[in-house]
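Notes for the structure review
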Amino acid sequence: MKQTLLLALTTLCSFIFAPSLYAQSYRPGFIVKAEGDTIQGLIKYREGKGIYRACVFKPAEKAPSQKYTPSDIVAYGIHNDAMFESHTFTNNKNKETKAFLEVLVHGKLSLYEYQNMLFVSKDRDTLQRLAVKVNDPGIGGIVGEIRTTTASTKHLILLNSLTMDCPVPDELLAEVVKKINTPNAVAIVEAYNKCAASASNITYKQHKPWLTFDKGLFIGSHTTDFAFAEGPNSVHNTNFPVRSNVVIGGHLNLVSPRRSEKLSLQVDALFSKEQYQGYLEVQRPLTIHRTDFDIDITRFSAVIMGRYTTVRWKQVKPYLAFGASNNFILNSKAKRRFESETTINNIKQVDTFLSEATINMGYYTGATAAVGTTYLLHDKYKLLFQLRYERSVLFANREFSNDDFTVHLNSNNSFYITAAYIFR
Amino acid sequence: MKFWPKPFAILFLIFSVLLVACSDESPSPAREYHQLETQGVQAVSAASATFIANILTSGKEPILQHGFTWGRTRPFADKPGFGTKYLGSRTGTGTFATTVEYAFTKKSVYYVRPFVKTANTIVYGNMVAFTPNP
């Protein structure tokens with residue numbers, strides 16, 4: 001019954017979200033043609049490597065869209081968001097490439113990004129790669145030998161030479177001695193521009209934070225069917241029907257709006273007290289054995305998933321997520337009621353035995369996938385609905401011993417349906 | 001103001017149904033016989049003990065006799081030295097208890113279990129051990 005319901009829900013979600021997978025999101029923007037003409041219109045919002053290769057533009061909502069490559073136009077941009085310029089440069093494979101570079105900072109000194117590579121240009125001059133080169137001796141050497149890798153100072157020399165007329169604070173340069181990341185590079189270029197030519201500095205996506213997180217609380221239902229793998233009295237044949245239990249927990253979604261509006265890291269921590277009932281009946285020539293299992297489990301789970309928001313509507317943001325779950329059994333108890341029915345001279349005798357079985361499991365892990373959506377209630381509050389499937393692999397704590405009632409639990413399939421209240 | 005878009009209304013409804021209406025039924029089938037459970041032994045002395053049991057579910061046949069049986073070996077029925085207390089017929093489920101006067105051997109382990117007899121069935125509950133002390 002519940003499996004049917006869940007299947008129906010999954011199908012329904014697929015129908016709800018399927019159009020969104022094909023939906024195209026256009027935002028107000030512009031293209032700059034080679035001759036210098038700027039044409040206002042709508043730019044298709046995209047993420048990934050495609051943004052460096054081409055832009056999809058249409059002059060009006062109902063006009064046909066057209067794809068422009070770096071050879072067709074000199075720049076394109078989304079209003080109050082990202083800006084891209086067409087440039088020819090040498091990439092990290094020493095190959096000359098023409099592509100759209102994302103302009104991170106525009107000014108006397110400009111900073112560009114292309115597929116995680118950073119470039120700087122002063123006064124619109126040649127692009128220069130900004131990267132830390134590491135001197136690594138490579139594979140080889142003697143066992144026990146201490147290997148040293150050192151970071152080259154070429155990038156610091158480059159930054160110093162470009163900012164010589166208006167030095168940037170040492171503490172900013174200190175952040176990039178061994179590794180350059182985009183936020184630190186943006187801070188250095190901004191600092192220089194504000195010192196050298198403050199009015200000319202434009203930092204794109206400035207209103208978007210580098211890192212933010214949504215946090216929330218959720219409640220939901222966990223539906224699963226356990227099965228024994230090993231145990232006494234043929235317990236692996238025990239029938240454990242699908243069972244639903246309530247789960248509660250906390251939700252965290254780490255997102256870098258300046259980097260990506262679609263990709264985020266979702267971490268859910270959930271707690272559940274679960275009850276499962278199993279029944280086994282074994283027919284023998286003179287006896288019938290009936291066993292009832294009552295299993296209580298207290299469980300804590302940490303689920304980490306990469307989340308991809310498929311489309312942004314006004315208030316609704318459906319998403320897909322994939323990841324792994326880690327489940328810790330905090331407490332478990334299994335009661336076994338065994339009834340043996342023997343018929344002698346047409347009189348049935350039933351003997352009852354009660355015992356406690358040990359669940360031989362403390363931790364299990366699994367792969368998980370989710371489909372869900374958020375609904376914006378307010379700038380700071382939203383609701384989240386999520387359907388998650390988990391395929392778990394259960395590990396035994398120790399070897400099965402036939403002289404006790406230790407039982408191994410088998411792999412299981414779980415469905416979680418949760419509703420969360422999210423706040424920033 | 002339209003607060004809930006249609007997909008959300010549907011999702012919320014199904015979510016509520018799943019949470020509330022999906023009551024799970026026990027996989028254990030109803031028995032034709034009564035199910036018993038020993039609840040404990042109290043006030044144990046060398047001369048008496050109080051036995052308590054519970055009829056969990058009712059079988060198809062009426063109860064003709066119920067009570068307790070005890071001894072020093074397990075299983076002990078039909079063996080010398082076991083005691084039985086008959087409490088007569090009864091109906092329905094629920095707890096029953098009795099105090100037996102018996103010359104228990106001190107510091108010996110005894111076992112007790114309840115029973116229910118019908119026309120064609122005798123059901124024994126689970127055995128519980130106890131040790132009479134002075």
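Residues numbered from 1 in each chain as written. Chains lettered and ligands numbered in written order. Predicted model: local features only at pLDDT ≥ 70, side-chain atom pairs only at ≥ 80, totals over all residues.

1. Thoughts on the overall build of chain A
Convention followed: We count a stretch as a helix when DSSP gives it H or I for four or more residues in a row; a strand needs E for two or more, and each element gets its number in order from the N terminus. To assign burial, the other C-beta atoms lying within 10 Å of each residue's own C-beta are counted, with C-beta atoms placed from the backbone; 20 or more indicates buried, 12 or fewer indicates exposed, and intermediate counts indicate partly exposed.
Within chain A, the regular secondary structure consists of five helices and 24 strands. Burial analysis of chain A (424 residues in total) assigns 33% to the buried set.

2. A few points about the overall build of chain B
Stated precisely, the cut-off is as follows: Placing a C-beta atom from the backbone of each residue, one calls two residues in contact when those atoms lie within 7 Å.
Helix and strand counts for chain B stand at one helix and eight strands. In chain B, the succession of helices and strands from N to C terminus is α-β-β-β-β-β-β-β-β. Relative to its 134 residues, chain B shows a buried fraction of 25%. Long-range pairs, those at least 24 residues apart, make up 62% of the contacts in chain B between residues at least 6 apart in sequence.

3. Concerning the sheet that holds strand β2 (residues 48–57) of chain B
Residues and elements named next belong to chain B. Which entries qualify depends on this criterion: Any two strands with at least two DSSP-identified bridges between them are counted as paired. For helices, the fitted line uses only the C-alpha atoms of the stretch in contact; every axis is such a line through C-alpha atoms, and the angle between N-to-C directions lies from 0 to 180 degrees.
The three strands lie next to each other as β1-β2-β5, forming an open sheet whose pairing is antiparallel. Edge positions in the sheet fall to β1 (35–42) and β5 (94–101), since each of these pairs with one other strand and no more. Each strand of the sheet is rotated relative to its neighbour by a mean of 20°, with strand direction disregarded. Bridge count between β2 and β5: eight bridges; the pairing is antiparallel. Directly across from Phe51, in β5, lies its bridge partner Thr98.

4. A closer look at helix α5 (residues 182–197) of chain A
Operational definition: Expected helix span is computed as 1.5 Å times (number of residues minus one).
Here α5(A) contains 16 residues, and its C-alpha end-to-end distance of 21 Å stays within 8% of the 22 Å for a straight helix at 1.5 Å per residue. Of the residues making up α5(A), those classed as buried are A:Ala185, A:Val186, A:Ile188, A:Val189, A:Glu190, A:Tyr192 and A:Asn193.

5. Quick word on the nonpolar core
Using the following cut-off: A set of buried residues drawn from Ala, Val, Leu, Ile, Met, Phe, Trp, Tyr and Cys, joined through C-beta atoms within 7 Å, is what defines a nonpolar core.
Counting residues in each nonpolar core, the largest one holds 35 residues, and the members touching the most others are A:Phe84, A:Leu101, A:Leu111 and A:Val189. If you tally residues by element for this core, the top one is strand β7 (residues 96–106) of chain A, at six residues. Beyond its immediate sequence surroundings of up to four residues, A:Val189 is in contact with A:Val105, A:Leu109, A:Leu111 and A:Val120. By size, the runner-up hydrophobic cluster in this structure holds 20 residues, among which are B:Ala49, B:Trp70, B:Val123 and B:Tyr124.

6. Considerations on the environment of A:Thr90
Residues and elements named next belong to chain A. Checked against the element boundaries, Thr90 lands in strand β6 (residues 83–90). Residue classification places Thr90 among the partly exposed residues on the basis of 14 C-beta atoms within 10 Å. Along the primary structure Thr90 and Arg284 are separated by 194 residues, whereas in three dimensions their C-alpha atoms are 80 Å apart. For Thr90, the residues in contact, after removing those within four places along its chain, are Lys95 and Glu96.

7. Re the pairing of strand β7 (residues 121–124) of chain B
Note on strand geometry: in a regular strand, side chains alternate between the two faces of the sheet. Two strands pair when backbone bridges link them, and strand β20 (residues 347–357) of chain A and β7(B) are joined in this way by four bridges, in the parallel orientation. Within the sheet, the bridge partner assigned to A:Asp351 lies in β7(B) and is B:Tyr124. Relative to β7(B), strand β6 (residues 110–117) of chain B runs antiparallel, the two being bridged by three bridges. Within β7(B), the position partnered with B:Phe115 by the bridge is B:Tyr124. Remark: three residues form the turn of the hairpin made by β6(B) and β7(B), two consecutive strands paired antiparallel.

8. What to know about the pairing of strand β1 (residues 26–33) of chain A
All names here are of chain A. The pairing of β1 with strand β2 (residues 38–44) spans seven bridges and is classified as antiparallel. Looking at β2, one finds that Arg27 is bridged to Ile43. Between β1 and β2, which pair antiparallel one after the other, the connecting turn spans four residues, and Gly36 there sits at a positive phi close to 100°. With five bridges connecting them, β1 and strand β5 (residues 73–78) associate as antiparallel partners. Each bridged residue has a counterpart across the sheet, and for Val32 the counterpart in β5 is Ala75.

9. Some thoughts on the environment of A:His289
All names here are of chain A. Among the secondary structure elements, His289 is positioned in strand β18 (residues 287–309). A tally of 15 C-beta atoms within 10 Å means that His289 is categorised as partly exposed. Sequence spacing of His289 and Ser256 is 33 residues, and the spatial spacing of their C-alpha atoms is 60 Å. Residues in contact with His289, not counting those within four places in the same chain, are Val282, Arg284, Phe338 and Ser340.

10. Here we look at unusual backbone geometry
Residue and element names in this part refer to chain A. Non-glycine residue Asn80 carries a positive phi angle of around 60°. On the basis of neighbour count, Asn80 is assigned to the partly exposed category, with 13 C-beta atoms found within 10 Å. Although it is not a glycine, Arg124 sits at a positive phi angle of roughly 60°. Position of Arg124 among the secondary structure elements: in the loop between β9 (117–122) and β10 (128–130).

11. Remarks on helix α3 (residues 154–162) of chain A
Residue and element names in this part refer to chain A. Applied cut-off: Throughout, the arc means the angular range of directions from the helix axis out to the C-beta atoms.
Of all the positions in α3, only His155, Leu159 and Leu162 are classed as buried. All buried residues of α3 project into a common sector of 70° when viewed along the axis, lining one side. Across α3 from its buried face, at more than 90 degrees, point the exposed residues Ile157 and Ser161. Where the residues of α3 are buried, they touch β8 (109–114), β9, β10, α4 (170–174) and α5.

12. Some details on the confidence of the model for chain B
What counts is decided by this rule: You can read pLDDT as the predictor saying how much it trusts each residue, on a scale of 0 to 100.
In the predicted model, chain B carries a mean pLDDT of 83, and the fraction of residues at 70 or more is 76%. Our summary of model confidence lists the complex with pTM equal to 0.76 and ipTM equal to 0.85.

13. Some details on the environment of A:Asn345
Within the fold, A:Asn345 resides in the loop between β19 (316–344) and β20. Given 4 C-beta atoms within a 10 Å radius, A:Asn345 is considered exposed.

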